Amino acid sequence: FLPYANLGLVIVDEEHDAGFKQDDRVHYQARDMSVVRGSLGKFPVVLASATPSIESHVNARTGRYRQIVLPGRFTGADLPDVKAIDLRRDPPEKGQWLSPVLVGALTETLAQRQQSLLFLNRRGYAPLTLCRACGHRLECPQCTAWLVEHRFRRRLNCHHCGFSLAMPEACPKCHEEGSLVACGPGVERVAEEVRERFPEARVALLSSDLIPGLEEMRQIIGEIESGEVDIIIGTQIVAKGHNFPLLATVGIVDGDLGLSMGADPRAGERTFQLLHQVTGRAGRAMTKGRGFVQTHMPDHPVMEAIISGDRESFLDREIDMRRRGLLPPFGRLAALVISARDKDLAEKFAREVARRAPPSDLISVLGPAEAPISVVRGRHRWRLLVKAPREANIQDYLRAWGEALPRIAGDLRLAVDVDPYNFL
Ligand SMILES: [Zn+2]
Ligand SMILES: [Zn+2]
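Residue positions are counted from 1 within each chain, in the order its sequence is given. Working convention: letters from A go to chains and numbers from 1 go to ligands, in the order in which they are written. A pLDDT threshold of at least 70 governs which residues receive local features in this predicted model, and a stricter bar of 80 or more applies before side-chain atom pairs are shown or counted, although totals over entire chains, interfaces and linings include all residues. With hydrogens and water excluded, all non-hydrogen atoms of the structure serve as input to the side-chain values.

A separate point is a nonpolar patch on the surface. Patch membership is restricted to residues that have no salt bridge and whose relative accessible area is over 30%. Joining uses 9 Å for like charges and 5 Å for the nonpolar side chains Val, Leu, Ile, Met, Phe, Trp and Tyr. Throughout, the Shrake-Rupley method with a 1.4 Å probe supplies accessible areas, and for residues the shown protein chains are the sole cover considered. For this document, the term salt bridge refers to a Lys or Arg side-chain nitrogen within 4 Å of an Asp or Glu carboxyl oxygen. The grouping of Leu9, Ile11 and Val46 at the surface amounts to a nonpolar patch, some 260 Å² of accessible area in total. Burial here depends on accessible area, computed with a 1.4 Å probe over protein chains only, as a share of the maximum for the residue type. Under 20% is buried, over 50% is exposed, and the range in between is partly exposed. On the accessibility criterion, Val46 (39% relative accessible area) is partly exposed.

Put into structure tokens, the structure is as follows:
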């Protein structure tokens, strides 16, 4: 959007990254906008990725984009061998999160004086805290979300609105002391298990909330690169941008985490991209690396694709599914999100919005339905989803719909998100 005097090339690196989609206030896809900008200015745009989006694959397959394949990794190293660890067959011990198979691989790697990385895309110590005495679960007062324990800071945080509370000594409901227990793992808890199992290992924990700034991040990355760390434990921030030359073994603590995203048509694609990227960190510079994915669903197509490395058949299947379901890029979606502090007001207005949808043979409107995260920052949320085939003009449809709506007054809000990436 900047007024460049003579822009001649745009390179979008990691073009599949969902971070290019802006869905706060002004909704747009920066990757797609750069393609539009290139087309207006008549200059080339390069979309680069080791795991391109389905949209870009389809554009390449149909000849709209030109595809340039880089056949090898830039270090010349082979892709790692990736294995699934079936958690139904090889579960971790009670209260632990690493399967004996993964513990074995870490032990071997340590013995060979090589580095391991454990990946879990969940900040904090535990995603849920409950009271052993009365069963009360600690929830955010402003959102439909559990409070996440951050043990290092001794706080409970809401990851949706930023609400934060000092870790209470007693249950806020029944006032029993010492009754609160942590359920499930976050990276801090995995780090705790690793320190207990491998007290001699040098451990680095990488999570955005634990690293104060860029300078500290650089220092930790420097220590990892120079071999001062044996086991790295991290969230999404370890997935990209850094090259760890000594890394031999990668373990995904919860491979299934991104797959239960409900209506999100990109859940499978995104999980594939993330797991591929993280397991691909192993064995970059030296010997062939190894990857392990802990999963309850080793037969899931995403897991099969990660393990076999057979990206093409996974893509064929995903593209076919999108085509049959008229999902992007074969159809267009738009989300309407209605919210208000008053629960009834939000629901009543959502139903009114649905009633006023212009009739159409091509375009269908799903909902209204309460959003999966039904309350955020004290606002009750309802959603509608518009589905249109490519040939229908969804913009005209939305404009006509907007004109048919009653005035949005007071505390009501209506957000229109064309090509949504967020379905919560
Ligand atoms: Zn209680
Ligand atoms: Zn909250």
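Here the focus is unusual backbone geometry. Glycine aside, residues mostly have negative phi angles, and peptide bonds mostly take the trans form. Residue Pro329 follows Pro328 across a cis peptide bond; omega there is 5°. Within the fold, Pro329 resides in the loop between α8 (311-324) and β16 (331-340). Residue Gly367 is joined to Pro368 through a cis peptide bond whose omega torsion reads 10°. Only runs of H or I of at least four residues qualify as helices and only runs of E of at least two qualify as strands under DSSP, and these elements are numbered from the N terminus. By the element assignment, Pro368 lies in strand β17 (residues 364-376). Phi at Arg113 takes a positive value of approximately 60°, unusual for a residue other than glycine. Among the secondary structure elements, Arg113 is positioned in the loop between α3 (100-111) and β6 (115-119). Within the chain, Arg377 stands out as a residue other than glycine whose phi angle is a positive 50°. Topologically, Arg377 is positioned in the loop between β17 and β18 (379-389).

Attention shifts here to empty space enclosed by the protein. Using protein atoms alone on a 1 Å grid, points that fit a 1.4 Å probe yet trap it form a cavity, whereas open point sets bounded by protein on both sides within 12 Å along at least five of seven lines form a pocket; residues with an atom within 4 Å of a point count as lining. Grid points are joined across faces, edges and corners, and a volume is the space filled by probe spheres set on the points. According to the stated counting rule, one finds two cavities of 30 Å³ or more in the structure shown. Estimates place the volume of the largest cavity at around 60 Å³. His16, Ala18, Arg31, Ser53, Glu55, Arg266, Glu269, Arg270, Gln273 and Tyr421 together form the lining of the largest cavity. It is helix α6 (residues 267-279) that contributes the most residues to the lining of the largest cavity, three residues altogether. Looking at the lining of the largest cavity, you find at least three residues from each of domain 1 (10-61) and domain 2 (81-123 + 188-322). In this model, the second largest cavity occupies a volume close to 50 Å³. Lining the second largest cavity we find Thr51, Pro52, Ile54, His57, Glu269, Phe272, Gln273, Arg311, Phe314 and Leu315. Sorting the residues of the lining of the second largest cavity by element identifies α2 (54-61), α6 and α8 as the ones contributing at least two each. Where each domain starts and ends comes from a domain assignment, either automatic or drawn from a database.

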